[in-house]
Amino acid sequence: MSKLTHIDDQGRARMVDVSDKPATAREAVATGFVRMSPETLDLAVSGQGRKGDVRAVAELAGVMAAKQTSNLIPLCHPLALSKVAVEVAPADGGFAVTARVKTTGPTGVEMEALTAVSVACLTIYDMLKAAEKGMVIEAVRLREKTGGKSGDWTAD
């Protein structure tokens with residue numbers, strides 16, 4: 001295994017020094033899924049839920065979360081994000097959530113994409129929990145990233 005970049009030679013956690021890294025275009029895509037009953041999905045898609053438009057609120061929550069990632073994840077750098085797009089789409093068995101995040105900078109946006117998806121999924125749960133408490137948030141993962149020293153990567 002390669003050396004962990006957030007651990008120094010004494011084993012202490014540290015923020016990685018990116019001051020000498022060039023600013024490059026970077027992008028990350030993350031996905032997740034909220035599994036629920038067909039009845040709950042129908043309720044959400046119909047817009048008849050008591051809390052309003054589930055998809056719109058979850059998409060907005062995901063965008064807001066991406067912008068707050070460095071406040072939530074202790075060693076993340078605050079980044080000037082140039083794009084955050086979150087899509088919540090009905091799918092077989094629930095809602096599929098996708099976040100695409102872009103920046104031009106010295107470090108990647110994987111954590112911002114993952115945070116956007118996670119909070120969008122949590123928002124879906126929150127908005128629908130009165131209808132179904134047994135929903136399952138699953139499969140939150142990085143799907144692809146581009147740019148930076150390590151180059152491009154795509155999940156299997």
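Scroll up to find the structure this text is about.
Predicted, not measured: the structure shown is a model, and the values here were computed from it.

**Student:** Give me the lowdown on the pattern of salt bridges, citing residues and values where you can.
**Tutor:** Close approach of charged atoms lets side chains of opposite charge pair. The tally for this structure, following the rule as stated, stands at 4 salt bridges. Linking Lys3 and Asp9 is a salt bridge whose minimum nitrogen-to-oxygen distance equals 3.0 Å. Residue Lys3 shares its accessibility class with Asp9, and that shared class is exposed. Residues Glu27 and Arg100 are paired through a salt bridge, measuring 2.6 Å at the closest nitrogen-oxygen approach. Highlighted residues: Glu27 in strand β1 (residues 24-35) and Arg100 in strand β3 (residues 94-105), separated in sequence by 73 residues. When its relative accessible area of 18% is taken as the criterion, Glu27 is described as buried.

**Student:** So what about the sheet that holds β1? Which residues, and what values?
**Tutor:** For sheets, the rule is that strands pair by backbone hydrogen bonds, running either parallel or antiparallel. Ordered by their spatial adjacency, 5 strands build an open sheet running β2-β3-β1-β4-β5, and the pairing between neighbours is antiparallel. Of all strands in the sheet, those bounded by a partner on one side alone are β2 (81-91) and β5 (153-154).

**Student:** Kindly report on the packing of helix α2 (residues 54-67) against helix α4 (residues 110-128), identifying the contributing residues and their values.
**Tutor:** Their axes nearest at 7 Å, the elements α2 and α4 cross at an angle of 145°. Read as a crossing pair, α2 and α4 show a hand that is right-handed. Between α2 and α4, the residues in contact are Val54, Val57, Ala58, Ala61, Gly62, Ala65 and Ala66 and Glu112, Thr115, Ala116, Val119, Ala120, Thr123, Ile124, Met127 and Leu128, respectively. Per-class residue counts for the contact of α2 with α4 are 12 nonpolar, 3 polar and 1 charged.

**Student:** How would you sum up the environment of Glu87? Please name residues and give values.
**Tutor:** Within the secondary structure, Glu87 is located in strand β2. Judged by relative accessible area, Glu87 falls into the partly exposed class, the value being 49%. The spacing of Glu87 and Ala56 is 31 residues in sequence and 8.9 Å in space, taken between C-alpha atoms. Not counting residues within four places of it along the chain, the set of residues in contact with Glu87 comprises Glu59, Ala96, Val97 and Thr98.

Cut-offs and rules
- Along every chain, residues carry numbers that run from 1 in the direction the sequence is written.
- Given that this is a predicted model, residues contribute local features only at a pLDDT of at least 70 and side-chain atom pairs are listed and counted only at 80 or more, while totals for whole chains, interfaces and linings are drawn from all residues.
- The basis for every side-chain value is the complete set of non-hydrogen atoms in the structure, without hydrogens or water.
- Whenever Lys or Arg places a side-chain nitrogen within 4 Å of a carboxyl oxygen from Asp or Glu, that contact is recorded as a salt bridge.
- When accessible area is computed with a 1.4 Å probe and restricted to protein chains, residues below 20% of their type maximum are described as buried, those above 50% as exposed, and intermediate ones as partly exposed.
- Only runs of H or I of at least four residues qualify as helices and only runs of E of at least two qualify as strands under DSSP, and these elements are numbered from the N terminus.
- Pairing between two strands is assigned when DSSP locates at least 2 bridges connecting them.
- Each axis is a line fitted through C-alpha atoms, taken for helices only over the stretch in contact, and angles between the N-to-C directions span 0 to 180 degrees.
- Throughout, a crossing is termed right-handed when the near helix is turned clockwise from the far one, and left-handed when it is turned anticlockwise from it by less than a right angle.
- By definition in these notes, contact holds between two residues if any of their heavy atoms fall within 4.5 Å.
- In this classification, the charged set is Asp, Glu, Lys and Arg, the nonpolar set is Ala, Val, Leu, Ile, Met, Phe, Trp, Tyr, Cys and Pro, and all remaining amino acids, among them Gly, are polar.

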